[in-house]
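Summary of the model geometry
Residues per chain are reported as follows:
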Amino acid sequence: MTDNSLKQKRIVVPTKDAESWKALLADPDKHWRSGYSAMSTAYSWEDANGLPKEVEQLFRTAENPALRDAELALAIPEYKVALTGGSRPSQNDVFAILTCSAGIISMMVEGKAREQFDDQLGDWKKRTSPNGAEARLTEIMSCIGITDPIPDSIRYQLLHRAASAVIEAKRFHANFAVLLIQSFVDNDSENHYDEFEKFLGLFKKTALKNTLIEISNPSGLHLYAAWVQSKAT
């Protein structure tokens, strides 16, 4: 039987304003702080009339011309995606569904303002049952198109956020999936840009800010990753 706490509700209530996002956080008192990612992400998306301007520009300058007219159809904050194994879902800061000339885009947004990308893969394995870790990692690798063993030094959060974008892309019959890191700190060291670079290295890709980078093509689906710089709230 599936644990209902791992599943995303299919009935979505519209937010009133950025403050509406606070109650959706896993730990509101800890994570809702000025200058940090949860609050900054909420205000960035609520204040935008569609996509935040930096995210809109990301698509307007895409190498694939069919992505350049991307528009926001729907954005859902704190969106949970259930994964095989493990005890918790992947709780994404924003799940955005976009439309473009080439079809539908499934995009998971991870806001970052000094916070680390959670545990390294090796540390996550240590606190997860062997069977659960194997099952979840097998699903993640299949989703993101990785066959070689993943180094334990890779940040686990980047892996399951990318897998989440692919899982929902398949559910919505989307042609594209995007893992978007929305950075609210311009200091690369403070905001752990090197971890994103290591993640792209798994796909033999070089990180480049404010650029949609196609990293794999699992089952014919185009998976992209990007890092954009936004202003903190």
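The structure reproduced in this document is the subject of the present report. (Residues numbered from 1 in each chain as written. Predicted model: local features only at pLDDT ≥ 70, side-chain atom pairs only at ≥ 80, totals over all residues. Heavy atoms only, no water.)

**Here's the deal with the nonpolar core**
For clarity, the threshold we go by: What is meant by a nonpolar core is a set of buried Ala, Val, Leu, Ile, Met, Phe, Trp, Tyr and Cys residues, joined one to another through side-chain atoms within 4.5 Å. Partly exposed describes any residue whose relative accessible area lies between the buried limit of under 20% and the exposed limit of over 50%, with all areas from a 1.4 Å probe on protein chains only and scaled to the type maximum. Helical segments are the DSSP runs of H or I of at least four residues, strand segments are the runs of E of at least two, and each set is numbered from the N terminus. By the convention used here, residues are in contact when the closest approach between their heavy atoms is within 4.5 Å.
I144, I150, L159, F196, F199, L200 and I215 are the most contacted members of the largest nonpolar core, which totals 44 residues. Take this core: its biggest share by element is 9 residues, from helix α6 (residues 156-171). Once residues within four sequence positions are removed from consideration, F196 is found in contact with L158, I181, A207, A225, A226 and W227.

**Here we look at the sheet that holds strand β3 (residues 103-112)**
What counts, and what does not: In this analysis, strands are considered paired if DSSP registers two or more bridges between them. Every axis in this analysis is a line fitted to C-alpha atoms, fitted for helices over the stretch in contact. Angles between the N-to-C directions lie between 0 and 180 degrees.
Overall, mixed pairing links the 6 strands, which are arranged β1-β2-β3-β4-β6-β5 in an open sheet. On the outer flanks of this sheet lie β1 (71-81) and β5 (213-216), each paired with one strand and no other. For this sheet the average axis-to-axis angle between neighbouring strands, irrespective of direction, equals 25 degrees. Across 3 bridges, the pairing between β5 and strand β6 (residues 222-229) is antiparallel. Considered in β6, the bridge of E214 is made with Y224.

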